[in-house]
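Chain residues, written in single-letter form:
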Amino acid sequence: MDNITDNQFTEWSHAIKDGSKKSYSDFFRNCYEHYVRFAYRYVKSKDQACDLVQEAFIKLWKNREQLDPSKSLKSYMFTIVRNLSLNHIRDHKSRFESLEDKDHSLNALIIHQEQNKNDSYIKQTVQIIEHLIKKLPDRQREAFELSRFEGLRHDEIAEVMKISARTVNNHIVSACRFLREEYEVKNERDKDIAL
């Protein structure tokens, strides 16, 4: 999705609003997997994430006449997927409370692809960072992940999270500061133990 321009999203938005099945199909084919990865972060199930994203695309098509091409189609879909994911979690709360946290996030997939002599070090570092990300307050974590993992701009994140772009920036800056400081503390502690 990173290589899709804002102009392309705007063109799709106009065409989908006008009922173009081809544009809708193009948007689906180009962005589906990205939204599935996003939903997975919430529901921790690939099958459920796929179902929720399909539901989001159905919702988009049914409500296409209300689309506002002057607003970001990308963030509009992130909002739909996020809301459906949160509703799913709420409706299946007991299931989510009992799940072991087996995170197969984007970072873990990257590690799997990087098989080299530093693999264990990289794996350990990513696990530490993933653990630290989970310690962030919910809103900070959400803003950070939308920025760093999904590639959304601050204004798009603001639209998804229903907050100001300045608040988004504050969340991301605070999250980065926390992650850097905690990672440095962890490294210092590990060095002391090794001595």
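These notes cover the structure that comes with them.

Cut-offs and rules
- Residues numbered from 1 in each chain as written.
- Predicted model: local features only at pLDDT ≥ 70, side-chain atom pairs only at ≥ 80, totals over all residues.
- Heavy atoms only, no water.
- Helix = DSSP H or I, 4+ residues; strand = E, 2+ residues; numbered from the N terminus.
- Buried < 20%, exposed > 50% of the residue type's maximum accessible area, 1.4 Å probe, protein only.
- Contact = heavy atoms within 4.5 Å.
- Areas by Shrake-Rupley, 256 points an atom, 1.4 Å probe, with all protein chains shown as cover.
- Core = buried A, V, L, I, M, F, W, Y, C linked by side-chain atoms within 4.5 Å.
- Salt bridge = Lys/Arg side-chain N within 4 Å of Asp/Glu carboxyl O.
- Axes fitted to C-alpha atoms, helices over the stretch in contact; angles between N-to-C directions.
- Left-handed = near helix turned anticlockwise from the far one by under 90°.
- Nonpolar A, V, L, I, M, F, W, Y, C, P; charged D, E, K, R; others polar.
- Parallel < 35°, antiparallel > 145°, perpendicular 65-115°, else oblique.

Let's shift gears to the overall build of the protein. Across its full length, the protein holds 10 helices and 0 strands. For the protein, the succession of helices and strands along the chain, N to C, is α-α-α-α-α-α-α-α-α-α. Relative to its 195 residues, the protein shows a buried fraction of 41%. Taking all contacts inside the protein whose residues are at least 6 apart in sequence as the whole, residues at least 24 apart take part in 65%. Only carbon and sulfur atoms are counted for the fraction: they give 49% of the accessible area of the protein, which is about 11,800 Å².

Among the nonpolar cores identified, the biggest contains 39 residues, and I16, F27, Y35, F57 and L60 are the most heavily contacted of them. Every element with two or more residues in this core is listed here: α1 (6-17), α2 (21-43), α3 (46-62), α4 (73-91), α8 (138-148), α9 (154-161) and α10 (165-194). When residues of this core are assigned to their parent elements, the largest contribution, 11 residues, is made by α2. Those residues in contact with F27 that lie beyond four places of it in its chain are F9, W12, I16, Y32, Y35, F57, L60, L73 and M77.

This part covers the pattern of salt bridges. In total, this model carries 12 salt bridges according to the counting rule given. With a shortest N-O distance of 3.1 Å, R153 and D155 are connected by a salt bridge. Owing to a relative accessible area of 42%, D155 belongs among the partly exposed residues under this scheme. A cluster of three or more residues bridged by salt bridges with shared partners is formed by D6, K74, R153, D155 and E156.

Where α2 contacts α4, the two axes come as close as 10 Å, and the packing angle between them is 35°. The interaxial crossing formed by α2 with α4 has right-handed handedness. Every residue of α4 that contacts α2 at F27, H34, Y35, F38, A39, Y42 and V43 is listed here: L73, K74, M77, F78, V81, R82, S85, L86, H88 and I89. Per-class residue counts for the contact of α2 with α4 are 12 nonpolar, 3 polar and 2 charged.

All right, on to unusual backbone geometry then. A negative phi angle characterises most non-glycine residues, just as the trans form characterises most peptide bonds. One non-glycine residue, K44, adopts positive backbone phi at about 55°. Inspection of the secondary structure puts K44 in the loop between α2 and α3. Positive phi values are uncommon outside glycine, yet K162 reaches one of about 60°. As for its position among the elements, K162 is in the loop between α9 and α10. K162 gets classed as exposed once you look at its relative accessible area, which sits at 63%.

On to the environment of S85. For S85, the position within the fold is in helix α4. Of the residues examined, S85 reaches a relative accessible area of 0% and is grouped as buried. Taking C-alpha positions, S85 is 8.6 Å from Y40, a pair spaced 45 residues apart along the chain. If near-sequence neighbours (up to four positions away) are discounted, S85 is found in contact with A39, Y42, V43 and L52.

Take the packing of α3 against α4 next. Contact geometry of α3 with α4 gives a least axis separation of 9 Å together with a crossing angle of 125°. Between α3 and α4, the interaxial angle falls into the category oblique. In this structure, the crossing between α3 and α4 has a hand that is right-handed. Note on element contacts: α4 touches α3 through L73, Y76, M77, I80, V81, L84, S85 and H88, opposite Q48, L52, V53, E55, A56, F57, K59 and L60. Class assignment for the residues of the contact of α3 with α4 results in 11 nonpolar, 3 polar and 2 charged.

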